[in-house]
Amino acid sequence: MTMHDCPDGAMRDLLPLYVSGALGTPDHTRVEAHLTGCADCVAEVELLRAVNLAYPAQAINVANITAKIAAPRRGPVRTTRLPFHRQPLWRAAASVTLFIVGTATVLVVNNRAPADSATAVAQPAAVDGASQTPAETTVASNTPGTVVRTTSNGLLSLGAELSDLTDAQLQTLLGSLEGLDSRPQADPTTIATPIMQERTQAPGRSNQ
Amino acid sequence: MALTGNDERAVDSTLIARWKAGDQSAATAIVERHASALARFAASSGEREQVDELVQDTFVRAFNSIDTFRADSAFRTWLFTILKRLILDRRRAERRQGNVVELEETHAVQAYDALDALVADETARRVRKAVETLSPLQREVFLLRVTDGMAYSDIAAVVGSTEGSCRVHYHNAMRAIKELLNDDA
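Fair warning: this is a prediction, and the values are worked out from it, not measured in the lab.

Parameters and conventions
Residues numbered from 1 in each chain as written. Chains lettered and ligands numbered in written order. Predicted model: local features only at pLDDT ≥ 70, side-chain atom pairs only at ≥ 80, totals over all residues. Helix = DSSP H or I, 4+ residues; strand = E, 2+ residues; numbered from the N terminus. Buried ≥ 20, exposed ≤ 12 C-beta atoms within 10 Å, placed from the backbone. Contact = placed C-beta atoms within 7 Å. Axes fitted to C-alpha atoms, helices over the stretch in contact; angles between N-to-C directions. Parallel < 35°, antiparallel > 145°, perpendicular 65-115°, else oblique. Left-handed = near helix turned anticlockwise from the far one by under 90°. pLDDT = per-residue confidence, 0-100. Nonpolar A, V, L, I, M, F, W, Y, C, P; charged D, E, K, R; others polar.

Within chain B, the secondary structure is distributed over nine helices and zero strands. Moving toward the C terminus, one meets the helices and strands of chain B in the order α-α-α-α-α-α-α-α-α.

Turning to the overall build of chain A, a few remarks are in order. Helices and strands together make up the secondary structure of chain A, namely seven helices and three strands. Overall, chain A shows an N-to-C arrangement of helices and strands of α-α-α-α-α-β-β-β-α-α. The proportion of buried residues among the 208 residues of chain A is 14%. Long-range contacts, defined here as pairs at least 24 residues apart, represent 40% of the contacts in chain A between residues at least 6 apart.

This next bit is on the packing of helix α6 (residues 122-132) of chain B against helix α9 (residues 163-184) of chain B. Residues and elements named next belong to chain B. Close contact between α6 and α9 brings their axes to 9 Å; oriented N to C, the two are set at 130°. One element, α6, and the other, α9, form an angle in the oblique class. Here α6 runs over α9; the crossing is right-handed. Of the residues in α9, those touching α6 at R126, V127, A130 and V131 are I177, L180, L181 and D184.

A few words now on the confidence of the model for chain B. Mean pLDDT over chain B stands at 84; residues scoring 70 or higher make up 84%. With pLDDT under 50 throughout, residues 104-114 of chain B is counted as low confidence; its partners more than four residues away or in other chains account for nine contacts.

Attention now moves to the environment of B:D148. You can see B:D148 is positioned in helix α7 (residues 136-148). In this structure B:D148 comes out as buried when scored by C-beta crowding, with 24 C-beta atoms within 10 Å. For the pair B:D148 and B:F41, spaced 107 residues apart in sequence, the C-alpha to C-alpha distance is 9.2 Å. Residues in contact with B:D148, not counting those within four places in the same chain, are A:S20 and B:A37.

Counting residues at the interface gives 44 residues for chain B and 32 residues for chain A. Elements with a contribution of two residues or more to the side of chain B that touches chain A: α1 (5-20), α2 (24-44), α3 (51-64), α6, α7 and α9 of chain B. Here the side of chain B that touches chain A takes 12 residues from α2(B), the largest share from any one element. The residue inventory of the side of chain B that touches chain A, partitioned by class, reads 22 nonpolar, 12 polar and 10 charged.

Now the structure itself:
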């Protein structure tokens, strides 16, 4: 017998569920009503039943399977002890220590900053001529706790604000700055020339 | 008439809850409900030699990770998904070891010829041969729909496809089988 397809696609979609018994009562009734008047669907249902016969359910040893299934876990899930470095208390202590050490480091670095700036002011004098180590004289400033040092070659180093200096100290500082201006230029003027020449030779390359 | 999809889900949920509460007999009931369907799927996928082992592994894995099961899908669909993954893993492992046993269509037909004696009905025997000519994906979709009465959405979850695609595969498979049987007649 030649099989044809019923034009009702939605009904044909239900046929395998009808055969396997997966339909609810309303759909089951609807399919049965349709089957009374549709030879194509009756033939398809026969075919589907043959498929079910061709692929019968397989016998399985249930006891073997259930024996392998472990009982459900109850109570505390984790019973093994965590390694020392992964314990919560240790982690908290490590975090606090790290925070304290980090904060202390920042404070120490910040406190040392003024001394470094004083060294920076004094540095040109140390680099300057004759490579001698100038002797230092310490002068008390107007502000208590502020130390101003004057080197033997007339240069001044300070670790405080300019407003804290006396007139004499300011004069000394200005003298030191004038001395700095009189130094020979260290700019690499020889390098500038070839660059300028190149620019004049190839003006089109300037805008990139 | 069998239970509908929602009823089936409710029964499974109750059994799972009972097993979690310590009732070991609930596990037996769950296995009894689904084992034969899983075995049929494994056998029709060409894993006839390892059906028992595959079904057992499916349940062991499912019960070990039952807390990850969400009731978005049916429990049976979830089991089929695990089984399908186990089959794929097994084939991949065999391929790595060099035991490549690609299931060509003709091989599948020959493999089932030996089992034809088990199928008494002549029509069913012819139908089996026709089904074995389908592509593996078409065959899986077709058999999950016909023998297990699965919804297309559940089939899609098992085979890793879309609902619409599964519907097309089912109807193409049905058409191909009809044509083969018409030619055979």
